[in-house]
Amino acid sequence: MADGHALSGRELPHPQHQGVRRRPGTGDRWPAVADHPQQCLPAADAADQARRAIRPGAAGEILLAAYSNEDPFFEADSLPFLAPDLDGARKLAGLQRPYIEARFARQGVSLLYTVGWPAAGFYTQVPVTSLEVFKGSRFRTFSPMTNRFAALIQASPVLVQQAELAQAFATGIATAMVTSAQTGVDTSAWDYCKVFTPVNFSMTKNAVLVSRRAMESVPADVQAAVLAAAKRAEDRGWAYAREAQDQTQARLAEKGLTIGTAPPAVLAELKQIGATMAEEWVAKVGEDGRKLVDAMRAA
């Protein structure tokens, strides 16, 4: 999980996604799906630009949680510990899909596929032997979800952008954070932290969307070709997410960070906090949120 986007936690261009391009043999019956991930823009700007691009009949890629101001259902994958790992994150994506499709359908947009981001862990100066490590700490946050988490672990939330992480830690503005190994590599976390503890905090997703009007305007064989290409891209993307997670964590270790392991008691406490946040989210979202959380817990 990267986290420069205000609502979900993405700080990096998404290496996993490979756009669905015009299939050979379909000629000009189908517009090429643009390979232009929006992650380099603030979340709201990315969502707005994707929506403007989709309306005339193109396609676009967005960070789902960037839409949470419009509908909090879109931040389900930001809930801490709802998905236990990348396999669980993909299962969550499958459970979310019908709800997401219904919401975008009302706006004339169809969902092609989603791909998750690598999971997040804690960056600290000492091993995470208990949650007391975070009590009273200045915990770097980047979203309402991480702000709430900081409050529940009795830390003081501090909003810090990715570009300012090294300086914030060097000056004591921040003393701990949760984000991906990729963000740690990109910001040279070995210069300002000593321990990275993977905990699968959350694994948010990007969605590739297409105008329903464009999709319905082409023959059935072209629609089938697009959907088949989307499925291949989705499978490839989830595999890339796993590779990126492993490779960046290994890089942190190579540069001198200790890769910690959270004790079972800590993991149990974290999952309880996640459960509390999930119930708070359900209260905000309503029936669809209840069904999704219950289905994920039963999966």
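Chemist: I would appreciate a short explanation of the nonpolar core in the present structure.
Modeler: Side chains of a nonpolar character, in soluble globular proteins, are inclined to be buried together. Phe 104, Phe 122, Phe 139, Phe 149 and Trp 281 are the most contacted members of the largest nonpolar core, which has 64 residues in total. Looking at this core element by element, the count peaks at eight residues for helix H8 (residues 264-285). Counting residues in hydrophobic clusters, the runner-up holds 16 residues, among them Val 158, Ala 174, Ala 181 and Tyr 192.

Chemist: Explain H8 to me, please; I cannot follow it from the model alone.
Modeler: For H8, with 22 residues, the first-to-last C-alpha span of 31 Å sits near the 32 Å given by 1.5 Å per residue. Those residues of H8 not exposed but buried are Val 266, Leu 270, Ile 273, Gly 274, Met 277, Ala 278, Trp 281, Val 282 and Val 285. Looking at the buried residues of H8, the elements they touch are strand E3 (120-124), helix H3 (144-152) and helix H9 (287-298). Positive phi appears at Gly 286, one or two residues downstream of H8, with a value of about 100 degrees.

Chemist: What exactly am I supposed to notice about the environment of Thr 114 here?
Modeler: Relative to the elements of secondary structure, Thr 114 occurs in strand E2 (residues 109-116). Accessibility expressed as a relative area gives 4% for Thr 114, which makes it buried. Between the C-alpha atoms of Thr 114 and Trp 238, which are 124 residues apart in sequence, the distance is 8.9 Å. Setting aside residues up to four positions removed in sequence, Thr 114 forms contacts with Leu 64, Ala 93, Lys 205, Asn 206, Ala 207, Glu 234 and Trp 238.

Chemist: What is the right way to look at the sheet that holds E2 in this model?
Modeler: Strand pairing in a sheet is mediated by backbone hydrogen bonds. Such pairs are either parallel or antiparallel. Read across the open sheet, the three strands follow the order E1-E8-E2; overall the sheet is antiparallel. Of all strands in the sheet, those with a lone pairing partner are strand E1 (59-63) and E2, marking the two edges. Recorded for the sheet is a direction-independent mean angle of 25 degrees between the axes of neighbouring strands. Pairing of E1 with strand E8 (residues 205-211) involves five bridges; the strand directions are antiparallel. The residue bridging Leu 63 from the neighbouring strand is Asn 206, located in E8. In the packing of helix H2 (residues 86-105) onto the sheet, contacts are made with E1, E2 and E8, and the angle to E2 comes to roughly 150 degrees.

Chemist: Just checking my understanding: could you explain the sheet that holds strand E7 (residues 195-198) for this structure?
Modeler: Spatially, E5-E4-E6-E3-E7-E9 is the arrangement adopted by the six strands of the open sheet, whose pairing is mixed. Looking at the sheet topology across the chains shown, the edges are occupied by strand E5 (156-159) and strand E9 (258-259). Bridge analysis of strand E4 (residues 138-141) against strand E6 (residues 176-180) gives two bridges, and the strand direction is parallel. Residue Phe 139 lies in a different strand from E6, and its bridge partner there is Ala 176.

Chemist: Quick question: what am I supposed to make of the confidence of the model for the protein chain here?
Modeler: When pLDDT is low, close inspection of the predicted coordinates is not appropriate. This prediction gives the protein chain a mean pLDDT of 85; 81% of its residues lie at or above 70. This model gives residues 1-47 a pLDDT under 50, and the stretch forms 151 contacts once residues within four places in sequence are excluded.

Chemist: I keep staring at the pattern of salt bridges and nothing clicks. Help me out?
Modeler: Pairing is possible between side chains of opposite charge, provided their charged atoms come close. Under the definition given, this model contains 16 salt bridges. Between Lys 205 and Asp 77 there is a salt bridge, with the nearest N and O atoms lying 2.9 Å from each other. In this pair, Lys 205 is assigned in strand E8 and Asp 77 in the loop between E1 and H2, connecting sequence segments 128 residues apart. By the burial criterion, Lys 205 is buried, and Asp 77 matches it. Residue Arg 212 is joined to Glu 216 by a salt bridge in which the shortest nitrogen-to-oxygen separation is 3.5 Å. You can see Arg 212 and its partner Glu 216 sitting in helix H6 (residues 212-216), four residues apart, about one turn around the helix.

Chemist: Just to check I follow, could you spell out the packing of H2 against H9 for this structure?
Modeler: Geometrically, a packed helix pair is captured by the angle between its two axes and the distance between the axes. Where H2 meets H9, the closest approach of the two axes is 10 Å, and the angle between their N-to-C directions is 155 degrees. Of the possible angle classes, the one that applies to H2 and H9 is roughly antiparallel. At the point where H2 passes H9, the crossing takes the right-handed sense. The segment H2 lies against H9, with Gly 88, Leu 92, Leu 95, Gln 96, Tyr 99 and Arg 103 engaging Asp 288, Lys 291, Leu 292, Ala 295 and Met 296.

Chemist: Any chance you could explain the packing of H3 against H8 here in plain terms?
Modeler: Between H3 and H8, the least distance of the axes is 11 Å, while the angle of their chain directions is 130 degrees. Classified by the angle their axes make, H3 and H8 are oblique. Read as a crossing pair, H3 and H8 show a hand that is right-handed. Contacts from Met 145, Arg 148, Phe 149 and Leu 152 in H3 reach Leu 270, Ile 273, Thr 276, Met 277, Glu 280 and Trp 281 in H8. Looking at side-chain class alone, the contact of H3 with H8 contains seven nonpolar, one polar and two charged residues.

Chemist: Whenever I open this one, the packing of aromatic side chains confuses me. Can you help?
Modeler: For any pair of aromatic rings, the description rests on two quantities: the centre-to-centre distance and the angle between the ring planes. All told, the structure shown has 14 aromatic pairs when counted by the stated rule. Judged by centre distance (6.5 Å) and plane angle (65 degrees), the rings of Phe 122 and Phe 139 are edge-to-face. Here Phe 122 is found in strand E3, whereas its partner Phe 139 is found in strand E4, with 17 residues between them in sequence. The buried category is assigned to Phe 139, whose relative accessible area is 0%. Sitting over the ring of Phe 73, Arg 103 keeps its end group 4.3 Å from the ring centre.

What counts, and at which threshold
- Residues numbered from 1 in each chain as written.
- Predicted model: local features only at pLDDT ≥ 70, side-chain atom pairs only at ≥ 80, totals over all residues.
- Heavy atoms only, no water.
- Core = buried A, V, L, I, M, F, W, Y, C linked by side-chain atoms within 4.5 Å.
- Buried < 20%, exposed > 50% of the residue type's maximum accessible area, 1.4 Å probe, protein only.
- Helix = DSSP H or I, 4+ residues; strand = E, 2+ residues; numbered from the N terminus.
- Expected span 1.5 Å × (residues − 1).
- Contact = heavy atoms within 4.5 Å.
- Pairing = 2+ DSSP bridges.
- Axes fitted to C-alpha atoms, helices over the stretch in contact; angles between N-to-C directions.
- pLDDT = per-residue confidence, 0-100.
- Salt bridge = Lys/Arg side-chain N within 4 Å of Asp/Glu carboxyl O.
- Parallel < 35°, antiparallel > 145°, perpendicular 65-115°, else oblique.
- Left-handed = near helix turned anticlockwise from the far one by under 90°.
- Nonpolar A, V, L, I, M, F, W, Y, C, P; charged D, E, K, R; others polar.
- Phe/Tyr/Trp six-rings, centres within 6.5 Å; stacked < 30°, edge-to-face > 60°.
- Lys NZ or Arg CZ within 6 Å of the ring centre and 35° of its normal.

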